[in-house]
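Structural overview
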Amino acid sequence: MTDNKTIESVYGSACERFSAFGIDVEGALERLDAIPISMHCWQGDDVLGFEKGAGPLTGGIQATGNYPGRARTADELRADLDLAMAQIPGAKRLNLHAIYLESEAPVAREAIEPRHFTGWVDWAKERKVGLDFNPTCFSHPLSADGMTLSHPDAAVRDFWIAHCQASRKVSAFFGETLGTPSVMNIWLPDGMKDLPADRFAPRERMADALDAVIADKLPREHHKDAIESKLFGLGLESYTVVSGEFALGYATSRDILLCLDAGHFHPTEVISDKISSTLQFVPELLLHVSRPVRWDSDHVVLLDDELQAIAVEIVRGGALDRVNIGLDFFDASINRVAAWVIGTRNMRKALLRALLDPTTALRKAEAERDFTTRLATMEEMKSMPWGAVWDFYCLSRNVPVGLDWLEPIRTYERTVLSKRKAA
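Keep in mind the model is a prediction, meaning the values are calculated, not measured. (Residues numbered from 1 in each chain as written. Predicted model: local features only at pLDDT ≥ 70, side-chain atom pairs only at ≥ 80, totals over all residues. Heavy atoms only, no water.)

1. Observations concerning the side chain of S38
Here is the rule we go by: Numbering goes from the N terminus for both helices and strands, where a helix is a DSSP run of H or I of at least four residues and a strand is a run of E of at least two. For the purposes of these results, a polar contact is taken to be a pair of N or O atoms within 3.5 Å, where, inside protein, one atom must be able to donate a hydrogen and its partner to accept one; residues adjacent in sequence count only when each atom of the pair is a side-chain atom.
Mapped onto the elements, S38 comes out in strand β1 (residues 37-40). Here D132 takes part through its side chain, which lies 2.8 Å from a polar atom of the side chain of S38.

This is how it looks when you write it as structure tokens:
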């Protein structure tokens, strides 16, 4: 158990240390509180969703592991999210996929409507969180051959266009009802396992289909469109239609958001370095913060160098109002609720460290070409007592300090998760 007096005392000393660098810790915590992190619903159920008669997961996506307690219904998923969110300080959102609808009868993908998501809206209203959305262009018979919006069959393309158009209406409903714009991210699994003979035609069809999807202009105060690239997927190793270049070109030319996913680039690439470049040309970014291991494997986010670099780039660049932070991982090998907590707390820890950065002093040294002071200061900040500030932040926001969050999740596992039978 934590000692509150000790935490407060150590925090006071930490504030003095940071103050010597001109850093207002209280101000940093207030800013941190207001940064929303969009948690992803699919960590709780291994990306299966709640469609009636749904088939297996496809689209080059895999959730590996068989840890007990996967959410089988929307109510179970919401209960799991409630527990996870109670362990995480600061503003939060929830990112939904179209397959997380609620309906007693089967609903075709192109026929989804806001009424199929009212349970989620009611839940979000009560908790004062925003909702984001995604069309689900995978795990469907009409995506089985690896093509959706770029399919050579016009009927198949029209189906997926209709689904994405219906998804935009759901997204706009979220934004209008909850008073905070919903970011709708379009990710397409389109690609080929082996070398294609024609790389042009699928991309031409994709661009035309996407134009049809976003043709109806929706108020940005309710809804924002985003396009996400992909490097490759299982069964799509040789060619993906929406490559990084395609997504960047489409987003810039259509004035929509670009989604940068940490696992959707070559192994030596990182998205932290892309933030300052892409924000020169797109109005906003959406981030899918994940952790690739060897490939786009969507491991739980760690507080590693790249996560910290992402946070620093956003904060130093003054881009908090232009970057929408979302998480994207799905680990079925550990407690799924704990995975949410670990990953989301790590994202907020990285943002805290970035907010405790002496940006003004670093920029001054750089402007004066004093690279010695710049490097020395950057290195010194690595050993500053940010952990004491984090502990106080959690304590003052009435969420568990340290590993105190683990016991309620273990209790929940014993009393709730262990009693769920595999569907």
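There is more to say after this.
2. Focus: the layout of surface pockets
Definition in use: The method works on a 1 Å grid over the protein atoms by themselves. A cavity is a set of points holding a 1.4 Å probe that cannot get out, a pocket is an open set with protein on both sides within 12 Å along at least five of seven lines, and residues with an atom within 4 Å of a point line them. Grid points are joined across faces, edges and corners, and a volume is the space filled by probe spheres set on the points. Residues are grouped as follows: nonpolar covers Ala, Val, Leu, Ile, Met, Phe, Trp, Tyr, Cys and Pro; charged covers Asp, Glu, Lys and Arg; every other residue, Gly included, is treated as polar.
A volume near 520 Å³ is recorded for the largest pocket. Lining the largest pocket are 19 residues; nearest its centre among them are Q308, V312, R316, M378 and K382. If you list the elements that add at least two residues to the lining of the largest pocket, you get α9 (305-316), α10 (336-355) and α12 (371-381). Looking at which element gives the most residues to the lining of the largest pocket, the answer is α9, with six residues. Class assignment of the residues belonging to the lining of the largest pocket gives a composition of 10 nonpolar, one polar and eight charged.

3. Topic: the packing of aromatic side chains
In plain terms, the rule: Two rings from Phe, Tyr or Trp (for Trp, the six-membered ring) form a pair when their centres sit within 6.5 Å of each other. Planes less than 30 degrees apart are called stacked, planes more than 60 degrees apart edge-to-face, and all others tilted. Residue burial is assigned from relative accessible area. The probe radius is 1.4 Å, only protein chains are included, and a residue is buried under 20% of its type maximum, exposed over 50%, and partly exposed in between.
Within the structure shown, the criterion is met by 11 aromatic pairs. Taken together, a centroid distance of 5.8 Å and an interplanar angle of 50 degrees make the contact between W390 and Y393 tilted. On the criterion of helical spacing, the pair formed by W390 and Y393 is a turn pair, its members being three residues apart in helix α13 (residues 386-396). Of the two residues, W390 and Y393, neither departs from the other in class, the shared state being buried.

4. A closer look at the pattern of salt bridges
Spelled out, the test is: The salt bridge criterion pairs a side-chain nitrogen of Lys or Arg with a carboxyl oxygen of Asp or Glu, the two atoms within 4 Å.
Considering all chains together, one arrives at 24 salt bridges under this definition. The shortest N-O distance in the salt bridge between R420 and E76 comes to 3.7 Å. Of this pair, R420 sits in the segment after α14 (406-415) while E76 sits in helix α3 (residues 74-86), placing them 344 residues apart in sequence. E76 carries the same exposure label as R420, and that label is buried. The salt bridge partner of D357 is R316, with a shortest N-O separation of 2.8 Å.

5. Here we look at the packing of helix α11 (residues 359-367) against α12
Let me state the cut-off plainly: Helix axes are fitted to C-alpha atoms over the stretch in contact, other axes to C-alpha atoms as well, and angles between N-to-C directions run from 0 to 180 degrees. Any angle that falls under 35 degrees is termed roughly parallel, while one over 145 is termed roughly antiparallel, one within 65 to 115 roughly perpendicular, and all others oblique. Two helices cross in a left-handed way if the nearer one is turned anticlockwise from the farther one by less than a right angle. They cross in a right-handed way if the turn is clockwise. Contacts are assigned to residue pairs with any non-hydrogen atoms lying within 4.5 Å of each other.
Relative to each other, α11 and α12 sit at 155 degrees, their axes nearing to 7 Å. Taken as axis vectors, α11 and α12 run roughly antiparallel relative to one another. Relative to α12, the crossing made by α11 is left-handed. Between α11 and α12, the residues in contact are L362, A365 and E366 and F371, T373, R374, T377 and M378, respectively. In terms of residue class, the contact of α11 with α12 is made up of four nonpolar, two polar and two charged.

6. Considering empty space enclosed by the protein
Applying the stated criterion to the full structure yields two cavities of 30 Å³ or more. Contributing to the lining of the second largest cavity are F50, E51, K52, L101, S103, A105, P106 and V107. Each residue belonging to the lining of the second largest cavity can be placed in one class, and the counts come to five nonpolar, one polar and two charged.

7. Brief notes about the environment of H97
Take H97: it is sitting in strand β2 (residues 92-97). Setting aside residues no more than four positions away along its own chain, H97 makes contact with C41, W42, F117, F133, N134, P135, T136 and F138. Here P135 takes part through its backbone oxygen, which lies 3.4 Å from a polar atom of the side chain of H97.

8. Thoughts on the nonpolar core
The criterion, for reference: Only buried Ala, Val, Leu, Ile, Met, Phe, Trp, Tyr and Cys residues count toward a nonpolar core, and they belong to the same one when joined by side-chain atoms within 4.5 Å.
Grouped together as the largest cluster of nonpolar side chains are 125 residues, with contacts concentrated most on W120, L149 and I227. Element by element, the count of residues in this core is highest for α10, at 11 residues. Look past the residues within four positions of W120 in its chain and what remains in contact with it is F50, A74, L77, R78, L81, L94, L96, Y100, E102 and L131. Of all hydrophobic cores here, the second largest spans five residues; its members include V183, L257, C259 and L286.

9. Examining the pairing of strand β6 (residues 223-228)
Where a strand is regular, its side chains alternate between the two sheet faces. What counts here: In short, DSSP must find at least two bridges between two strands for them to pair.
Counting buried residues in β6 gives six out of six residues, a clear majority hidden from the surface. Alternating residues of β6 divide into H223, D225 and I227 and K224, A226 and E228, and every residue in both groups is buried. Bridge count between strand β4 (residues 182-187) and β6: six bridges; the pairing is parallel. Directly across from S182, in β6, lies its bridge partner H223. Relative to strand β8 (residues 257-261), β6 is paired through three bridges, and the arrangement is parallel. Looking at the pairing, E228 lines up with C259 of β8.

10. Description of the packing of α3 against α10
The geometry of α3 relative to α10 is characterised by a closest axis approach of 9 Å and an angle of 40 degrees between their N-to-C directions. Relative to α10, the element α3 is oriented oblique. The chirality of how α3 crosses α10 is right-handed. Contact with α3, carried on its side by L77, D80, L81, L83 and A84, involves V337, W340 and V341 of α10 and no other residues of that element. Here the residues of the contact of α3 with α10 sort into seven nonpolar, no polar and one charged.

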